[in-house]
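Summary of the model geometry
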Number of protein chains: 2
Amino acid sequence: MYDSIIIGTGPAGLSAALNLKTYKKDFIWFGSKNLSDKVQKAEKITNYPGFPEISGQELFLRFEEHIKAAGLSITEKTVTNIMSTGKSFMVLADNEMYETKTLILCMGVMSAKQLDREDELLGKRLSYCATCDGMFYKDKKIAVICNDKKYEHEVEYLADLAAEVLYFPTFNDSQIELSNVKISKDMPVGLIGESFVEGIVLRSGKTESVDGVFCLRNAIAPSKLMPQLEIENGHIVVDRAQQTKIPGCFAAGDCTGRPYQYTKAVGEGNVAAHSCIQFLANMQG
Amino acid sequence: MYDSIIIGTGPAGLSAALNLKTYKKDFIWFGSKNLSDKVQKAEKITNYPGFPEISGQELFLRFEEHIKAAGLSITEKTVTNIMSTGKSFMVLADNEMYETKTLILCMGVMSAKQLDREDELLGKRLSYCATCDGMFYKDKKIAVICNDKKYEHEVEYLADLAAEVLYFPTFNDSQIELSNVKISKDMPVGLIGESFVEGIVLRSGKTESVDGVFCLRNAIAPSKLMPQLEIENGHIVVDRAQQTKIPGCFAAGDCTGRPYQYTKAVGEGNVAAHSCIQFLANMQG
């Protein structure tokens, strides 16, 4: 069992990881090695004390250097579900289960708009995880919505199984060229089906019948990840110690609310790590 | 009237100032140009994301560079009292009055131990401000406790007025050499007097009769600065938006509680500035 699992590799996750490392905690850090898209895309940052003016790309390189110098490593897996057993947490990442005493959630905020009826039909032929559920759609017709190019290998994996894939990338430079994959820019806005997904509604008003839908996104709504979390306006409710309502589960950065700022994220990541270290000490005591 | 006054030039104050500047607010920033003693004295910082390893002195230089690049200026005055009028705040700094719509308190935590009965006798021949109260001690005998060399010019000012000064610097390299100043290392631990200060008790147990006592410290307990503030274990109580219990008054950094960390301070300074900007917008609305 791990001491902690950090989810997310933006500034909050990095700050938390640096502090857990200093305190020699046994933890795993899930997320993308590209760190935060938001950091990378920022044109000019002038309010991160110590850097009078820095581009997002430069700050990203500095973060990478810091990760290397601190001897941290990132596990590039997508967490799709977390269960609390009361005494520990079970974290499902790319269909593998990890057990941990504590959690630090730093997954950012999901900018992608949800589909109409998404909440209702999740798990009913609507999935967020290709590796987890792909095999159920062998020789079927599916729709795949993808908002990050780094998930295109999952699209390929699904295309290998399914008979037909309606593919909706939210970016322009898709690398997918497969005979059974039909790329469309007419983005899905809603789901059709009573007790399970039977089709999708597109922005144009057109509908398509499918056997299942995959949403491959670089962020997952916290309420989906862990339904016991208290959520307010899409943000995880935390106290000043970054503690959520679930003992041993902490959250930091954009996922806890505005302002969406690098300094707020690094500060909260630091506080969350210190609260987590205190929690672990009390567990032992 | 200013939009805001920031008190303190540590990482929290700097972060707040950078953000108020970006939003073109009319504010004044009180504190020492030496910024934070704590930052300067830190040997090695490894958990400030973006700097894999940096000394306090190097970080100080980077902060100085950032202040210059952002066009910020520090007003080197010591704030000794703040009053809320309900609609604005009156800030007393080196005996001059400044009026402001909002306040951001980033004064750090006072590491100096208080004197026994200090709370009780403050304002009763016990003063924190040489410029404010020095003139009352013309030709008298006073004790002066000073924990920062940068206040020695105030000690000189007091020695110029008083007949006799018992001087207690908490540092080793005092520059004061005056015939009526007696330097002692036997530090005061308590005050004597019923309705006003009549003497001091020293660590050795000895006592000395004096007409008044000055404590010149680089930090002031928030409860002394502004008695309406809610204080818990010596820290200012704030919510997640860094708002204190007094509308328009925000606080950030070490003065709001542990962990005492640079990243927490810059994060909270950022959030306090954003809350302050929001508060100012609502005032106008």
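Residues numbered from 1 in each chain as written. Chains lettered and ligands numbered in written order. Predicted model: local features only at pLDDT ≥ 70, side-chain atom pairs only at ≥ 80, totals over all residues.

On a plain count of helices and strands, chain A comes out with eight helices and 16 strands. Compactness check: chain A gives a C-alpha radius of gyration of 20 Å against a globular reference of 19 Å for 285 residues, within 12% of the reference. Seen through its principal axes, chain A has C-alpha atoms that stretch 55 × 45 × 30 Å. Out of the 285 residues belonging to chain A, those deemed buried represent 43%. Sequence separation of 24 or more characterises 57% of the internal contacts of chain A that already satisfy a separation of 6 or more. (Helix = DSSP H or I, 4+ residues; strand = E, 2+ residues; numbered from the N terminus. Rg over C-alpha atoms; globule rule 2.2 N^0.38 Å. Buried ≥ 20, exposed ≤ 12 C-beta atoms within 10 Å, placed from the backbone. Contact = placed C-beta atoms within 7 Å.)

Next up on the list: the domain arrangement of chain A. Residue and element names in this part refer to chain A. In terms of domain boundaries, chain A breaks down into domain 1 (2–111 + 220–284) and domain 2 (118–216). Of note, the centres of domain 1 and domain 2, computed from C-alpha atoms alone, are 29 Å apart. Contacts between the two partners involve eight residues from domain 1 and, on the opposite side, six residues from domain 2. Of the residues in the side of domain 1 that touches domain 2, the class split is one nonpolar, five polar and two charged. (Domains from an automatic or database assignment. Nonpolar A, V, L, I, M, F, W, Y, C, P; charged D, E, K, R; others polar.)

Okay, the interface of chain A and chain B next. Chain A puts 31 residues into the contact, and the matching count from chain B is 31 residues. Elements supplying a minimum of two residues to the side of chain A that touches chain B: α1 (11–22), α3 (56–69) and α8 (262–284) of chain A. Sorting elements by how many residues they give to the side of chain A that touches chain B places α8(A) first, with eight residues. Of the residues contributing to the side of chain A that touches chain B, the split by class is 13 nonpolar, 12 polar and six charged.

Each copy superposes on the other: chain A lies on chain B with an RMSD of 0.1 Å after a rotation of 180 degrees and an axial shift of 0.0 Å. Within this description, the copies of the chain are treated as partners about a two-fold rotation axis. Across chain A, the rotation axis passes nearest the C-alpha of Gly267(A), at a separation of 2.3 Å. (Least-squares fit on C-alpha atoms with pLDDT ≥ 70 in both.)

For the rest of this paragraph, the subject is unusual backbone geometry. Following Arg258(A), the chain continues into Pro259(A) via a peptide bond in cis, with omega recorded as -5 degrees. Within the secondary structure layout, Pro259(A) lies in the loop between β16 (249–251) and α8. Backbone geometry places Asn95(B), a non-glycine residue, at a positive phi of 70 degrees. Within the secondary structure, Asn95(B) sits in the loop between β4 (89–93) and β5 (96–105).

Below, the discussion takes up the packing of helix α1 (residues 11–22) of chain B against helix α8 (residues 262–284) of chain B. Residues and elements named next belong to chain B. Packing of α1 against α8 brings their axes to within 7 Å, and their N-to-C directions diverge by 35 degrees. Read as a crossing pair, α1 and α8 show a hand that is right-handed. From α1, Pro-11, Ala-12, Gly-13, Leu-14, Ser-15, Ala-16, Asn-19 and Leu-20 reach across to α8, where they touch Tyr-262, Ala-265, Val-266, Glu-268, Gly-269, Asn-270, Ala-272, Ala-273 and His-274. (Axes fitted to C-alpha atoms, helices over the stretch in contact; angles between N-to-C directions. Left-handed = near helix turned anticlockwise from the far one by under 90°.)

Further remarks concern the nonpolar core. One finds Ala16(A), Ile104(A), Leu105(A), Cys106(A), Ile142(A), Val144(A) and Val213(A) to be the most contacted residues of the largest nonpolar core, which totals 79 residues. Per-element accounting of this core gives the leading share, eight residues, to α8(A). One finds Leu18(B), Leu35(B), Leu105(B) and Tyr137(B) within the second-largest nonpolar core, a separate group that totals 78 residues. (Core = buried A, V, L, I, M, F, W, Y, C linked by C-beta atoms within 7 Å.)

Residue and element names in this part refer to chain B. Here Glu-64 is to be found in helix α3 (residues 56–69). By the C-beta count within 10 Å, which is 14 here, Glu-64 ends up partly exposed. Counting along the chain gives 29 residues from Glu-64 to Leu-35, while the straight-line C-alpha distance between them is 8.5 Å.

Glancing now at α3(A). Counting along an α-helix, one turn takes 3.6 residues, and residues three or four places apart therefore face a common direction. All names here are of chain A. In this model, α3 (14 residues) spans 20 Å end to end at C-alpha, consistent with the 20 Å of a helix rising 1.5 Å per residue. Within the sequence span of α3, burial applies to Leu-59, Phe-60, Phe-63, His-66 and Ile-67. In an axial view of α3, the angular spread of the buried residues amounts to 120 degrees, which keeps them on one side of the axis. Along its buried surface, α3 packs onto α1 and α2 (37–41). Phi for Gly-71, located one or two positions after α3, is positive at around 70 degrees. (Expected span 1.5 Å × (residues − 1). Arc of directions from axis to C-beta.)

What follows is about the sheet that holds strand β8 (residues 164–169) of chain B. All names here are of chain B. Read from one edge to the other, the open sheet built from five strands follows the order β6-β13-β7-β8-β9, with strand pairing classed as parallel. In this open sheet, the two strands that pair with only one neighbour each are β6 (126–127) and β9 (181–183). Where strand β7 (residues 141–146) and strand β13 (residues 212–216) come together, five bridges link them in parallel fashion. Bridge pairing in β13 places Ile-145 opposite Cys-215. (Pairing = 2+ DSSP bridges.)

What follows covers the sheet that holds strand β12 (residues 207–209) of chain B. Residue and element names in this part refer to chain B. In spatial order, the strands read β10-β11-β12; together these three strands make up an open sheet with antiparallel pairing. One side of each edge strand has no neighbouring strand; the edge strands of this open sheet are β10 (188–192) and β12. Each neighbouring strand pair of the sheet contributes to a mean axis angle of 25 degrees, computed without reference to strand direction. Note that strand β11 (residues 199–202) and β12 share three bridges and pair antiparallel. Bridged to Ile-200 within β12 is Glu-208.

Following both chains from N to C, one finds α8(A) and α8(B) inclined at 135 degrees, their axes separated by 7 Å at the closest point. Considering the angle they form, α8(A) stands oblique to α8(B). Once α8(A) is placed against α8(B), the crossing between them reads as left-handed. Here Thr263(A), Lys264(A), Val266(A), Gly267(A), Glu268(A), Asn270(A) and Val271(A) of α8(A) come into contact with α8(B), specifically with Thr263(B), Lys264(B), Val266(B), Gly267(B), Glu268(B), Asn270(B) and Val271(B). For the contact of α8(A) with α8(B), the class distribution of residues is four nonpolar, six polar and four charged. (Parallel < 35°, antiparallel > 145°, perpendicular 65-115°, else oblique.)

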